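Listed below, chain by chain, are the residues.
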Amino acid sequence: SHVYLSRQLTPPATAAARDLGLPLVMHDDPDTPPSRERLLRDVAGAAALITLLTDRVDAELLDAAGPGLRIVANCAVGFDNVDLAAASARGVVVTNTPGVLDEATADLAFALVLATARRLVEADRFVRGGREWIWGPQSFVGLDVSGGATLGIVGLGRIGMAVARRAAAFGMRILATGSRATGEEARRYGVAAADLPRLLAESDVVSLHCPLTPDTHHLIGAAELAAMKPTAILVNTARGPVVDEAALVTALETGVIAAAGLDVYEDEPRLHPGLRALDNTVLLPHIGSAGRATRDAMGLLAVDNVRAVLAGEPPRTPVPRR
Ligand code: GLV
Ligand code: GLV
């Protein structure tokens, strides 16, 4: 019986995983995930799996681990890569890493808001292009974020609330969907609850913070994009399949919306054809939680969930039941 870790975590988290009291089997290449064959082989007999969002945890993988498996500790707040029904049918606990990455992810979402609104990457490419340039009143004009632009937060949970706090400090008007949009904390940041149609129609920036579930798959498609202002910006730091990426590329090509800032993609790490060629996009490689302390905290929380379950204690952060 062993603990299986599908990728090297940051040094403190990897050290903690070595300290769990069971042998640690770790995929040795820090930069690429194990092949499926390798994964299925290396989990055989494991008591615990520490997995990443790049690992598909399904019935086949759980069966490959075998009946001794007690916990899958997914090192991510999202857990759409895990088949929860298959895990629960086998008595396997599933945990995620909520809470510890809210600020880092909200920072990145807000970075995308500013980068798309003020055309940072396009302007940087222009300067690096080396052509002569001179300051001009109409050059690189973009959206004023401060002082009145409306931010629509789709799925006001922990991360969305952290984004709302930033937006409030920028003097933005804030609309949000989700059950917490009517709560005390939302009120403190001036958030107004709105349904999705109103949020799409009134927002200058729409930022997605909902989990990927069957209900949110393609939540933003051609019709929703068409309902947005032609000057509006879409920011996605949640999960790629929440957006119909083909429809998004068409909308960006044809001026249905103005710009998009994306950290996630529908078929990661592949991008829909056409996306790369667009100037009005800022494209990041899924780095929302990539702060040093944040990545330590995620890894340590995943390891602590394993420690708890192997010790017969309740897991610290079991995935929420829907
Ligand atoms: C990252 O995408 C996460 O779910 O933690
Ligand atoms: C811009 O650089 C200004 O001085 O207005």
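Structure first, text after, so check above.
So, a few notes on the structure that sits alongside this text. (Residues numbered from 1 in each chain as written. Chains lettered and ligands numbered in written order. Predicted model: local features only at pLDDT ≥ 70, side-chain atom pairs only at ≥ 80, totals over all residues. Heavy atoms only, no water.)

### Some details on the layout of surface pockets
Applicable threshold: Detection works on a 1 Å grid of protein atoms alone, calling trapped sets that fit a 1.4 Å probe cavities and calling open sets with protein on both sides within 12 Å along at least five of seven lines pockets, with lining residues defined by an atom within 4 Å of a point. Grid points are joined across faces, edges and corners, and a volume is the space filled by probe spheres set on the points. Numbered from the N terminus, helices here are DSSP runs of H or I no shorter than four residues, and strands are runs of E no shorter than two. In this count, Pro and Cys sit with the nonpolar residues alongside Ala, Val, Leu, Ile, Met, Phe, Trp and Tyr, while Asp, Glu, Lys and Arg are called charged and the others, Gly among them, polar.
Approximately 250 Å³ is the volume found for the second largest pocket. Looking at the second largest pocket, it is lined by 18 residues, and the ones nearest its centre are Thr 116, Ala 117, Arg 119, Ala 258 and Ala 259. Of all the elements in the fold, those that place two or more residues in the lining of the second largest pocket are helix H5 (102-117), helix H6 (120-128) and strand S12 (281-283). Across the lining of the second largest pocket, the residue classes tally to ten nonpolar, five polar and three charged.

### Quick look at the environment of Val 127
We apply this condition: Think of it in three bands: with a 1.4 Å probe and only protein chains considered, a residue is buried below 20% of the maximum accessible area for its type, exposed above 50%, and partly exposed in between.
Looking at the secondary structure, you find Val 127 in helix H6. You can call Val 127 partly exposed: its relative accessible area is 48%. Along the chain, Val 127 and Ala 16 lie 111 residues apart, while their C-alpha atoms are 45 Å from each other.

### Some words on the sheet that holds strand S4 (residues 71-74)
The criterion, for reference: Any two strands with at least two DSSP-identified bridges between them are counted as paired. To obtain an axis, a line is fitted to C-alpha atoms, over the contacting stretch when the element is a helix, and the angle between two such axes runs from 0 to 180 degrees between their N-to-C directions. Contacts were defined at the residue level, with two residues in contact if any of their heavy atoms lie within 4.5 Å.
Taken in spatial order, the five strands make up an open sheet running S2-S1-S3-S4-S5, and their pairing is parallel. Whereas interior strands pair on both sides, the edge strands pair on one side only; in this sheet they are strand S2 (24-26) and strand S5 (93-95). In this sheet, adjacent strand axes meet at a mean angle of 15° when their direction is disregarded. Relative to S2, strand S1 (residues 2-5) runs parallel, the two being bridged by three bridges. The partner of Leu 5 across the bridge, within S2, is Met 26. Sitting on the sheet, helix H1 (residues 11-18) is in contact with S1, S2 and strand S3 (46-51), with an inclination near 140° to S2.

### With respect to the packing of H1 against helix H12 (residues 292-310)
The following threshold applies: Note on angle classes: values under 35 degrees are labelled roughly parallel, values over 145 roughly antiparallel, values of 65 to 115 roughly perpendicular, and the remainder oblique. Helix crossings get a hand from a simple test, with the near helix turned counterclockwise from the far one by less than a right angle marking a left-handed crossing and a clockwise turn marking a right-handed one.
With their axes 8 Å apart at the nearest point, H1 and H12 run at an angle of 15° to one another. When the axes of H1 and H12 are compared, the pair comes out roughly parallel. Crossing angle aside, the handedness with which H1 passes H12 is right-handed. Residues Pro 12, Ala 13, Ala 16 and Ala 17 of H1 form the contact with H12, whose own contacting residues are Asp 296, Gly 299, Leu 300 and Val 303.

### Comments concerning the site of ligand 1
Convention followed: One heavy atom within 4 Å of a molecule or strand is enough for the residue carrying it to be called near that molecule or strand. Identification of polar contacts relies on pairs of N or O atoms within 3.5 Å, with a donor-acceptor requirement for protein atoms, meaning one able to donate a hydrogen and the other able to accept it, and with residues adjacent in sequence counted only if both atoms are side-chain atoms. Surface accessibility follows the Shrake-Rupley procedure with a 1.4 Å probe radius. Residue values consider only the protein chains on display as shielding.
Every residue lining ligand 1 is accounted for by Leu 53, Ala 76, Val 77, Gly 78, Leu 101, Arg 239, His 286 and Met 298. Note that an oxygen atom of ligand 1 is positioned 2.8 Å from one of the backbone N or O atoms of Gly 78. Take Arg 239: an N or O atom from its side chain is 2.6 Å from an oxygen atom of ligand 1. Contact with the protein chains removes 90% of the 190 Å² of surface that ligand 1 exposes when unbound. By residue class, the composition of the shell around ligand 1 is five nonpolar, two polar and one charged.

### Remarks on unusual backbone geometry
Excluding glycine, residues mostly carry a negative phi; peptide bonds, for their part, are mostly trans. With an omega of 0°, the peptide bond running from Glu 268 to Pro 269 counts as cis. One can find Pro 269 in the loop between strand S11 (259-262) and S12. If you check the backbone angles, Arg 119 has positive phi at about 60° while not being a glycine. Along the chain, the position of Arg 119 falls in the loop between H5 and H6.

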